[in-house]
Amino acid sequence: MVGRPGITEKKKQIFPIPQSLDGAGAEGIQVVVEPRHGWLSLGLGELWRYRELLYFLTWRDIKVRYKQTLLGILWAILQPVMTMVVFSVIFGNLAKLPSEGFPYPIFTFTALLPWQLFAFALTSSSNSLINNQNLITKVYFPRLIIPIASVLVGVVDFAISLLILIGFLIYYHVPFTYRFLTLPFFVLMAVASSLAVGLWLAALNVKYRDVRYMVPFITQFWMYATPVAFSLELIPQKWRYLVSLNPMTGVVEGFRWAILGKTSDILSLLLISGGVVVALLIGGLIYFRRMEDEFADII
Amino acid sequence: MGDCAIHAEGLSKRYRIGVKQRYNTLRDSIVQILSAPVRKFTTPRVKTPDEDRFIWAIRDVSFDICKGEVVGVIGRNGAGKSTLLKVLSRITRPTSGRAVINGRVGSLLEVGTGFHPELTGRENIYLNGAILGMHRVEIEQKFDEIVEFSEVEKFLDTPVKFYSSGMYVRLAFAVAAHLETEILLVDEVLAVGDNRFQTKCLNKMEQVGETGRTVLFVSHSMQSIVRLCKRVILVEGGHIVADGEPHHIVDRYLSDGAISSAERIFNLDRTNNPVRLLAVRVKNDSGAVSDLQEINEPVIIEFDYENNLPGDVHVTMQLVNETGVVILQSSDHLEKNKLAGLAPGAYRSTVEIPANTLAEGRYFMTAQLRNLNRSKEKYLKEMDCVSFTVRDPSDGTTVRGNWAGTWVGVVRPMLNWNVKKL
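For the structure given in this document, a descriptive report is provided here.

Rules used in this analysis
Residues numbered from 1 in each chain as written. Chains lettered and ligands numbered in written order. Predicted model: local features only at pLDDT ≥ 70, side-chain atom pairs only at ≥ 80, totals over all residues. Helix = DSSP H or I, 4+ residues; strand = E, 2+ residues; numbered from the N terminus. Buried ≥ 20, exposed ≤ 12 C-beta atoms within 10 Å, placed from the backbone. Contact = placed C-beta atoms within 7 Å. Axes fitted to C-alpha atoms, helices over the stretch in contact; angles between N-to-C directions. Parallel < 35°, antiparallel > 145°, perpendicular 65-115°, else oblique. Left-handed = near helix turned anticlockwise from the far one by under 90°. Nonpolar A, V, L, I, M, F, W, Y, C, P; charged D, E, K, R; others polar. Pairing = 2+ DSSP bridges. Bend = angle between axes of the 7 residues up to and from the residue.

Okay, the overall build of chain B next. The number of helices and strands found in chain B is 10 helices and 18 strands. Split into buried and exposed, the 422 residues of chain B put 37% on the buried side.

The number of helices and strands found in chain A is 11 helices and one strand. Helices and strands in chain A line up, N terminus first, as β-α-α-α-α-α-α-α-α-α-α-α. When contacts within chain A are restricted to residue pairs at least 6 apart in sequence, those whose partners lie at least 24 apart make up 81%.

What follows is about the packing of helix H4 (residues 104-131) of chain A against helix H6 (residues 145-171) of chain A. Relative orientation and spacing of two packed helices are given, respectively, by the angle between their axes and the distance between those axes. Residue and element names in this part refer to chain A. As a packed pair, H4 and H6 sit with axes 8 Å apart at the nearest point and diverge in direction by 165°. If you check the angle between H4 and H6, you find them roughly antiparallel. Regarding H4 and H6, the two cross each other, and that crossing is right-handed. Tallied by class, residues from the contact of H4 with H6 come to 16 nonpolar, seven polar and one charged.

The subject of this paragraph is the sheet that holds strand E15 (residues 326-331) of chain B. Residue and element names in this part refer to chain B. Read across the sheet, five strands follow the order E12-E18-E17-E14-E15 without closing on themselves; strand pairing throughout is mixed. Because the sheet does not close on itself, it has two edges, and the strands there are strand E12 (292-294) and E15. Taking each pair of neighbouring strands and ignoring which way they run, the sheet shows an average axis angle of 30°. When strand E14 (residues 314-321) meets E15, the two strands line up antiparallel, connected through five bridges. Bridge assignment links Val320 to a residue of E15, and that residue is Val326.

Paired through their backbone hydrogen bonds, the strands of a sheet run either parallel or antiparallel. Pairing in this open sheet of four strands is antiparallel, and the strands run E1(A)-E4(B)-E1(B)-E2(B) from one edge to the other. The open sheet has two edge strands, strand E1 (30-33) of chain A together with strand E2 (54-66) of chain B, and neither has a second partner. In this sheet, adjacent strand axes meet at a mean angle of 15° when their direction is disregarded. The pairing of strand E1 (residues 4-16) of chain B with E2(B) spans nine bridges and is classified as antiparallel. What sits directly across from B:His7, in E2(B), is B:Asp64.

Turning next to helix H11 (residues 266-298) of chain A. Residue and element names in this part refer to chain A. Of all the bends in H11, the greatest measures close to 45° and is centred on Glu292. By the burial criterion, the buried members of H11 are Leu269, Leu270, Ile272, Ser273, Val277, Gly284, Leu285, Phe288, Arg289, Glu292, Phe295 and Ala296. Contact partners of the buried residues in H11: H4, helix H5 (133-136), helix H7 (183-207), helix H9 (237-243) and helix H10 (247-260).

All names here are of chain B. Relative to strand E11 (residues 275-283), strand E10 (residues 263-265) runs antiparallel, the two sharing three bridges. Along E11, the bridge assignment pairs Arg264 with Val280. In terms of strand pairing, E11 meets strand E13 (residues 299-307) through eight bridges, oriented antiparallel. Bridge pairing in E13 places Val282 opposite Ile301.

As a further point, take the interface of chain B and chain A. Interfaces are frequently sized by the accessible area removed from exposure as the parts join. Contacts between chain B and chain A engage 49 residues on the former and 41 residues on the latter. Where the side of chain B that touches chain A is concerned, the elements lending two or more residues are helix H1 (26-42), helix H3 (81-88), strand E4 (96-102), strand E5 (105-108), helix H4 (121-132) and helix H5 (136-150) of chain B. Residues that form the side of chain B that touches chain A fall into these classes: 19 nonpolar, 18 polar and 12 charged. Pairing of E1(A) with E4(B), which is carried by four bridges, proceeds in the antiparallel orientation.

All names here are of chain B. Following both chains from N to C, one finds H4 and helix H6 (residues 165-177) inclined at 40°, their axes separated by 10 Å at the closest point. Between H4 and H6, the angle falls in the class oblique. For the pair H4 and H6, the sense of crossing is right-handed. Note on element contacts: H6 touches H4 through Leu171, Ala172, Val175 and Ala176, opposite Gly121, Ile125, Asn128, Gly129 and Leu132. For the contact of H4 with H6, the class distribution of residues is six nonpolar, three polar and no charged.

Keep in mind these values describe shape, not function.
Given below as structure tokens:
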């Protein structure tokens, strides 16, 4: 605030804006507005500067979800639990799918957790830009924040379901091993996959409005392509690497490895799935940034 | 360039319009790609000229705005004002040209951006503040000021969907008004709320201008523009057509499309009427022809006419305001009746409208030559032959005094008021 004539005397109290928080264009910093030339940077620095807005948009979506609802936050628990019950009855009891020596319910619930995060992120981020069109046409901020916020909302649900999972683990007397400590890594991978696909869908949906109608179908199909309701062991060895191209395969198997302690060729699985996630994520970021400039015009 | 807050060079923005379907479906795009080779042979090539497919919302806009300037931007609807602000706010990229902006930009293109109806007033203040670019610390520190300005303290913890529209805009504006960026881009957001609140907003904007911030202000209210801005830019069809002193530019904007200015000289060859108008002029108090009149000075209108018939010809004038209301009608017949019958020939009748009679605005004058003693005789009627604008210098000496808000009434006489203690 120093050096700006006319302002200092109006202030009763001084609130210094820490330089680190001051956004682009603080005194001395220039912003150039021009048509885009060539390849863009990914804009991650700017994303960091707008992190408070990310927090607020996530907070807003979470608050609004449960306002005026009857069950409120319970929904975050009900969904995976109900799905687990249905799967257990149909796939566990009726179809009698093998679950590698673990009780079927917990076998599937472990996979359901990251899966539901992913599925939520698909639907939520593909609609996120359209739902926030009033912001996009009126205010400037890096548009990446919008799909990221929608994925983060899913992470909150995930965190709540994790508590239920721990309850189940205790109930089924599953031992806690050191592998549990690797869980954050798999969570990160789940979030990265969700974001990777979410970014593509969000950007595509702005230009091609039928994407949002394809998403439920894609989600369904994807779930059956991932070993959520069934075990990876069911897939013949030669097809297993194909299945691991699906990023969620790595995540789901990783969760099972870390939580249930099941043995598997986890490393090669992770390498393939992880590689796909990274490629999708970077590709998604680049595509998103290229399309970003048009959003306000075509949304 | 270091002193400039905003330096714009050749900014242009082109939009595609209409013909092509706006929302593509993936199916359509795929089909288009696959059938491209076939289409070349089967579809007759109808070349739609470029002009039909694109419009330039702004074209080649260049200007420099220095730190601390409060600049107004005016123009008709569709002139490109909002597009200019959108480009400067980085919401949309220009098609060509560039702008260099020094300082943090806050754009108020709409009040209540991001307000969510399910959230309470308190929650929306934080949300809206964050969306506008304020940091959480900032919002917390200004929270009480914002609430006080908006006057919705009692309803702060009620979801905004239950607010009346007035409360909604008051809260929205209150948050926006406390944005403390070096540069502010404001797009017609002052036209919200009732009169009292509008005045409050105007006062606040004035304060903002005085704190040394750079403001670019788009508005349709000439009143606000003249009051707040030291410089005005007129935009027309995507181009800047004028840039200068507020009253000047505002008047140019207002008079555009009007039929004529303050002086009209008639082409005498075209008529052989025995009774005809030669010229009509609107003059100000110092005798100069002027289409800009001060409200606290008399307006003088001069009619030069020629009468070659025996008998009197009376000049009648009607004043009509912008909305089509006939303010007054007046004639020189009483004066003429005092004089003995006038001989045929050319005459000049002059009328003086007293100071502090007319309200502000644009007026159109219709002149008639008739014989009011014999009502069926109307020789001539010339509609809207001249026009002029009455403006209020807002210096405290007129009927308005220091009031800058709306002042209604088709006339504005300075009346005598008497105040006495009972």
